[in-house]
2 protein chains.
Amino acid sequence: MKKECAAKEITDENLRQFVGYNMKRAFLNVRADLADTLEPLGLRMTSFSALAVIIENPDISQSRLAEALRIERSGVVVLVDELESADLISRGRVEGDRRQYALRATKAGMAKWKEAETAVNAHEAAMFSKLTEAEVTVLKELLRRVRRPEA
Amino acid sequence: MKKECAAKEITDENLRQFVGYNMKRAFLNVRADLADTLEPLGLRMTSFSALAVIIENPDISQSRLAEALRIERSGVVVLVDELESADLISRGRVEGDRRQYALRATKAGMAKWKEAETAVNAHEAAMFSKLTEAEVTVLKELLRRVRRPEA
DNA sequence: TATTGTTATACTCTATAACTATA
DNA sequence: TATAGTTATAGAGTATAACAATA
């Protein structure tokens, strides 16, 4: 049976009053579209982020990468395994400390990053198409200032 | 062994260029602090949201609630069980259709909502303390305009 | 003792699919 | 046939805890 009754609109003003709710809605949309964007490249959001950080910080260790990505070291293991299996990064050895690895992007990793960067830029252009360039800059800036006060 | 070596700073400009990354960072911070805020009230983020929508839309059905919260109906069952067990809402019956429920907040539910609303306002005041009131309004407005284009 | 990487495990959130009862 | 609610299951994503190798 199809709906016949005059559908009274469901509202969510109780939630819309909060910035966090609007942030969640926006973020979930962005995340879903980003996942779709990265999937054909064989990347997940975290591996994309890891690749970005490794390229920017050659010879970074897994522990430092964990800090940068704000995830646990145990999670980095899987992430790095994934990138290494895809030949996007290498686990180099550090002279003077045989405990840690020195992570580096391979040539293929560099190329993949360039490709992903372009794709993600297109994804963002689409997601933020209702915002002017200036507004996107403001949004980015405001987001950077969101944090729990120290004490 | 403590670190002795001059720690070269790890940077993430490769990621900071993207709005989505800044959004993720901000959102994860907000989410963590919101969870801490709601926990002493016996609420999770989703049950908080559900309560908000039910109060705003008395006699809403579980399916409509699912749409409003943008989760699957199966997820709503657990959510509603949770709120009903805590006596914050009731599953009323609809005359003329014995399939659906009419969800309503109880008096305790109303009181809980008021309490939670106050707590979440304080949480947001803290999280966005580095932003002026006008900036918070702008942020909220910009976030509302983030969406994937239709076609 | 402390740190790096590792493994195993568990927890949260959410989606999928199959089912029932009603319409 | 279609809808409302339910159940069971599975998949991400991430955290915790214990461990081996090295410092």
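Calculation notes
- Residues numbered from 1 in each chain as written.
- Chains lettered and ligands numbered in written order.
- Predicted model: local features only at pLDDT ≥ 70, side-chain atom pairs only at ≥ 80, totals over all residues.
- Least-squares fit on C-alpha atoms with pLDDT ≥ 70 in both.
- Contact = placed C-beta atoms within 7 Å.
- Helix = DSSP H or I, 4+ residues; strand = E, 2+ residues; numbered from the N terminus.
- Expected span 1.5 Å × (residues − 1).
- Buried ≥ 20, exposed ≤ 12 C-beta atoms within 10 Å, placed from the backbone.
- Nonpolar A, V, L, I, M, F, W, Y, C, P; charged D, E, K, R; others polar.
- UniProt positions renumbered as here; feature names shortened; annotations may be inferred.
- Near = placed C-beta within 6 Å.

## Quick notes on the relation of the copies chain A and chain B
- With an RMSD of 0.0 Å, chain A superimposes on chain B once it is rotated by 180° and translated 0.0 Å along the axis. A rotation of that kind, with that shift, is consistent with a two-fold axis. By C-alpha distance to the rotation axis, the residue of chain A lying nearest is leucine 139 of chain A, at 3.2 Å.
- A high fraction, 100%, of the interface residues of chain A reappear at the interface in chain B, so the copies pair face to face through one surface.

## Quick word on helix 3 (residues 45–56) of chain A
All names here are of chain A.
- The terminal C-alpha atoms of helix 3, which comprises 12 residues, lie 17 Å apart, in line with the 16 Å expected from a rise of 1.5 Å per residue.
- Helix 3 sits mainly inside the fold: 9 of its 12 residues count as buried.
- Those residues of helix 3 not exposed but buried are Ser47, Phe48, Ser49, Ala50, Leu51, Ala52, Val53, Ile54 and Ile55.

## Some remarks on the interface of chain A and chain B
- With 49 residues of chain A at the interface, the matching set in chain B holds 49 residues.
- For the side of chain A that touches chain B, the elements supplying multiple residues, two or more each, are helix 1 (13–16), helix 2 (19–38), helix 3, helix 4 (62–69), helix 6 (107–127) and helix 7 (133–144) of chain A.
- The biggest single contributor to the side of chain A that touches chain B is helix 2 of chain A, with 11 residues.
- The class makeup of the residues in the side of chain A that touches chain B is 26 nonpolar, 8 polar and 15 charged.

## Observations concerning the UniProt feature "domain: HTH marR-type" (unreviewed entry) in chain A
- Here the UniProt feature "domain: HTH marR-type" (unreviewed entry) sits at residues 16–148 of chain A.
- The span residues 16–148 of chain A is 65% helical and 11% strand by assignment, and the distance between its end C-alpha atoms comes to 21 Å.

## Considering the environment of proline 149 of chain A
- As for its position among the elements, proline 149 of chain A is in the segment after helix 7.
- For the pair proline 149 of chain A and arginine 73 of chain A, spaced 76 residues apart in the sequence, the C-alpha separation amounts to 26 Å.

## Some words on the environment of leucine 51 of chain B
All names here are of chain B.
- Structurally, leucine 51 can be placed in helix 3 (residues 45–56).
- Judged by the 26 C-beta atoms lying within 10 Å of it, leucine 51 is buried.
- Taking the C-alpha atoms as reference points, leucine 51 and leucine 79, separated by 28 residues in sequence, lie 9.6 Å from one another.
- Excluding anything up to four places from it in sequence, leucine 51 contacts Leu83, Leu88, Ala105, Gly109, Lys112 and Trp113.

## Some thoughts on the protein's contact with DNA strand D
- If you check the shell around DNA strand D, you find 23 residues, and the closest are Ser74 of chain A together with Gln62, Ser63, Ser74 and Gln100 of chain B.
- Elements supplying a minimum of two residues to the surface near DNA strand D: helix 3, helix 5 (73–85) and strand 2 (97–105) of chain A together with helix 4 (62–69), helix 5 (73–85) and strand 2 (97–105) of chain B.
- Ranked by residue count, the leading element in the surface near DNA strand D is helix 5 of chain B, at 4 residues.
- Here the surface near DNA strand D is built from residues that sort into 7 nonpolar, 8 polar and 8 charged.

## Notes on unusual backbone geometry
- Within the chain, aspartate 87 of chain A stands out as a residue other than glycine whose phi angle is a positive 60°.
- Its place among the elements puts aspartate 87 of chain A in the loop between helix 5 and strand 1 (89–94).
- Residue classification places aspartate 87 of chain A among the exposed residues on the basis of 12 C-beta atoms within 10 Å.
- One non-glycine residue with positive phi stands out, namely arginine 70 of chain B, at about 55°.
- Judged by C-beta crowding, with 11 C-beta atoms within 10 Å, arginine 70 of chain B ranks as exposed.

## A word on the protein's contact with DNA strand C
- Close contacts around DNA strand C come from 23 residues, with Gln62, Ser63, Ser74 and Gln100 of chain A together with Ser74 of chain B the closest.
- Those elements that place two or more of their residues in the surface near DNA strand C are helix 4, helix 5 and strand 2 of chain A together with helix 3, helix 5 and strand 2 of chain B.
- Element by element, the count of residues in the surface near DNA strand C is highest for helix 5 of chain A, at 4 residues.
- Partitioning the surface near DNA strand C into residue classes produces 7 nonpolar, 8 polar and 8 charged.

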